[in-house]
Amino acid sequence: MFWSGVRNQTHAVYGASWLRELLSITEGLVTLVTMGFGSFLGRTVVTHDDLDQLLPVDPRLQPEMAKQAGIRAESGETITFLSVGSVGIKPFLRLRTANPDHKLRVVTTDEGIGSYGTWQTRRDAWRREGGKEPWPTVRAATVYSATAVLRNERWAAYGHSEDRWQVDERVAAEFRRHAQRDDPLSRNAVFLSQPWVELGVTTRTNHLAFVSALAEIVEAAGLVFQVRPHPIEDASHYSPWMIHGGATPAELSSAVVNCAAVLGATSTALLNLAAIHDVPAIRLTPPGAAKLDAGLSSDQASLLDQFVGAPVSLDQVGDALGAVAH
């Protein structure tokens, strides 16, 4: 099988949960060929060592890289294309060209909350990352259409049941293998920062003023304020505060999973911490981010509303923390 689109460790965990399920129902060897790593804003934050730590340990699973293994399958082999978020068109075409006589089964895993959006929300995300029209529109529409046509299976962390969202425990278990919520919990309240400055959503001055005000409110509630920077952020922004840093996703960090509460804007990490680890989560709207919440799809909005709740203002954070702090 071939794996494409991995841009961070969370993507690897989603893929690992699917691989674990595959190994439970499969006899014989499973060769996993990774077709390189993707980047975000020019930075690659996942490595081969990360995969070694995050993939299932099974003697039947044989991880390889495409440069060494190639992408041509042997006669009689079954080919699965495991793609993150949506069907990667370029790698799909490479595989199809290299293996014209093989049936190609296509599976997509979550990339995060973006997987619950529409082609318009995907277009808007690519615009925020610097894409210039018409490319984001053309790309989003093409990827959305290709995924609808080519995908055979979707492996998602969240699914509908009786008009409510349910967590797929097979995916959740994969996250909990790396970080478990236990007693006693810390007195830390962790702010999950995002690269709003790097994306041009707000200025550094406005962002730090917001974080500073938030820190005062958290400390007044009797908790210790800490910041978890996004892996591509400049962590020196947050030097006045204690930092949980590094490239490890917040959902895989025992220090974050065992904190008293997490705070942050709309994000995959905030959703997963609340839904998978039952961490009390407070959703905020930092400067410049209101339009991002307004642009959520109905599925994205309902997921956040169910597991995290509606956004609160700075004036409301103290009350929201009150139940957690006492």
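Before reading further, recall that the structure is shown in the block above.
Since we're looking at a predicted model, the values are computed, not measured. (Residues numbered from 1 in each chain as written. Predicted model: local features only at pLDDT ≥ 70, side-chain atom pairs only at ≥ 80, totals over all residues. Heavy atoms only, no water.)

Enquirer: I tried to follow the packing of aromatic side chains on my own but got confused; where do I start?
Expert: Ring pairs (aromatic) are described by centroid distance and by the angle formed between their planes. This structure, assessed with the given rule, holds 8 aromatic pairs. Considering the side-chain rings of F191 and F225, the 6.5 Å spacing of their centres and the 25° angle between planes classify their relative orientation as stacked. A residue pair is termed long-range when its members are at least 10 positions apart, and F191 in strand β9 (residues 188-192) and F225 in strand β10 (residues 224-228) qualify at 34 residues. F225 matches F191 in its accessibility class, with the two residues each being buried. Aromatic pair F225 and W241: ring centres 6.0 Å apart, planes at 85°, arrangement edge-to-face. (Phe/Tyr/Trp six-rings, centres within 6.5 Å; stacked < 30°, edge-to-face > 60°. Helix = DSSP H or I, 4+ residues; strand = E, 2+ residues; numbered from the N terminus. Buried < 20%, exposed > 50% of the residue type's maximum accessible area, 1.4 Å probe, protein only.)

Enquirer: Whenever I open this one, the sheet that holds strand β3 (residues 61-65) confuses me. Can you help?
Expert: Backbone hydrogen bonds are what pair the strands of a sheet, in a parallel or an antiparallel way. Ordered by their spatial adjacency, 6 strands build an open sheet running β3-β2-β1-β4-β5-β6, and the pairing between neighbours is parallel. Each edge of the open sheet carries a strand with a single partner, namely β3 and β6 (153-155). Across the sheet, the mean angle separating the axes of adjacent strands is 25° when strand polarity is ignored. Sheet topology places strand β5 (residues 104-109) next to β6; 3 bridges connect them, and they run parallel. Bridging across to β6, V107 finds its partner in E153. Running at roughly 160° to β5, helix α4 (residues 89-98) makes contact with β1 (2-4), β4 (79-84) and β5 of the sheet. (Pairing = 2+ DSSP bridges. Axes fitted to C-alpha atoms, helices over the stretch in contact; angles between N-to-C directions. Contact = heavy atoms within 4.5 Å.)

Enquirer: Sorry, what's going on with unusual backbone geometry here?
Expert: With the exception of glycine, the majority of residues adopt a negative phi angle, and the majority of peptide bonds are in the trans configuration. Put simply, E133 and P134 share a cis peptide bond, and its omega is 10°. As for its position among the elements, P134 is in the loop between α5 (119-128) and α6 (135-150). Within the chain, D278 stands out as a residue other than glycine whose phi angle is a positive 60°. With respect to the helices, strands and loops of the structure, D278 is situated in the loop between α11 (268-277) and β13 (281-283).

Enquirer: Whenever I open this one, the sheet that holds strand β12 (residues 261-264) confuses me. Can you help?
Expert: Here we have 5 strands laid out as an open sheet, ordered β11-β10-β9-β12-β13, and parallel in their pairing. Here the strands that pair on one side only, and so sit at the sheet edges, are β11 (242-243) and β13. By the bridge criterion, 2 bridges tie β10 to β11 in an arrangement that is parallel. Note on β11: the bridge partner recorded for Q226 is M242.

Enquirer: Quick question: what am I supposed to make of the environment of T10 here?
Expert: Inspection of the secondary structure puts T10 in helix α1 (residues 9-25). You can call T10 buried: its relative accessible area is 9%. Sequence-wise, T10 and A250 are 240 residues apart; in three dimensions their C-alpha atoms are separated by 9.3 Å. Contacts of T10, omitting those with residues within four sequence positions, involve F175, P249, E251 and N272.

Enquirer: What is the right way to look at α5 in this model?
Expert: Along an α-helix, residues three or four positions apart point the same way, because every turn accommodates 3.6 residues. Inspection of α5 places T121, R122, R123, A125 and W126 among the buried residues, and these make up the whole buried set. The positive-phi residue at the C-terminal boundary of α5 is G130, with phi of around 105°.

Enquirer: Looking at this model, I keep getting lost on the nonpolar core. Mind explaining?
Expert: One recurring pattern in soluble globular proteins is that nonpolar side chains are buried together. Counting 54 residues, the largest nonpolar core has W3, Y158, L192 and V262 as its most contacted members. Discounting residues that sit within four places of it in the chain, Y158 has contacts with D110, Y116, W165, Q166, V167, L271, N272, A275, I276, L303 and F307. (Core = buried A, V, L, I, M, F, W, Y, C linked by side-chain atoms within 4.5 Å.)

Enquirer: Would you explain α6 in this entry?
Expert: Here α6 spans 22 Å end to end across 16 residues, near enough to the 22 Å set by a 1.5 Å rise per residue. Listed in full, the buried residues belonging to α6 are P136, A140, V143, A146 and T147. In a view along the axis of α6, the buried residues occupy a sector of 140°, so they form one face of it. Within α6, the exposed residues directed more than 90 degrees away from the buried face are A148 and V149. (Expected span 1.5 Å × (residues − 1). Arc of directions from axis to C-beta.)

Enquirer: Before we go on, may I ask you to explain the packing of α11 against helix α13 (residues 298-307) in this structure?
Expert: At a minimum axis separation of 9 Å, α11 and α13 run at an interaxial angle of 50°. Taken together, the axes of α11 and α13 are oblique relative to one another. Where α11 crosses over α13, the handedness of that crossing is left-handed. Contact with α11, carried on its side by L271, A274 and A275, involves L303, L304 and F307 of α13 and no other residues of that element. (Parallel < 35°, antiparallel > 145°, perpendicular 65-115°, else oblique. Left-handed = near helix turned anticlockwise from the far one by under 90°.)

Enquirer: Which parts of the structure should I look at to understand the pairing of strand β2 (residues 30-34)?
Expert: The two faces of the sheet receive side chains in turn, since in a regular strand these alternate between them. Of all 5 residues making up β2, 4 are buried, and the element is well covered by its neighbours. What joins β1 to β2 is α1, and the crossover it makes is right-handed. (Right-handed = clockwise from strand over helix to strand, strands pointing away.)

Enquirer: I keep staring at the pattern of salt bridges and nothing clicks. Help me out?
Expert: Should the charged atoms of two oppositely charged side chains come close, the side chains can pair. In total, this model carries 14 salt bridges according to the counting rule given. Close ionic contact of E174 with R20 constitutes a salt bridge, the shortest N to O distance being 2.8 Å. A residue pair is termed long-range when its members are at least 10 positions apart, and E174 in helix α7 (residues 169-176) and R20 in helix α1 qualify at 154 residues. A residue is classified by how much of its surface remains accessible, and E174, at 0% relative accessible area, is buried. Judged by relative accessible area, R20 falls into the partly exposed class, the value being 28%. The partner of D110 in a salt bridge is R154, with the nearest N and O atoms 3.7 Å apart. Separated by 44 residues along the polypeptide, D110 in the loop between β5 and α5 and R154 in strand β6 bring together distant segments of the chain. On the basis of relative accessible area, D110 is assigned to the buried category, the value being 1%. (Salt bridge = Lys/Arg side-chain N within 4 Å of Asp/Glu carboxyl O.)

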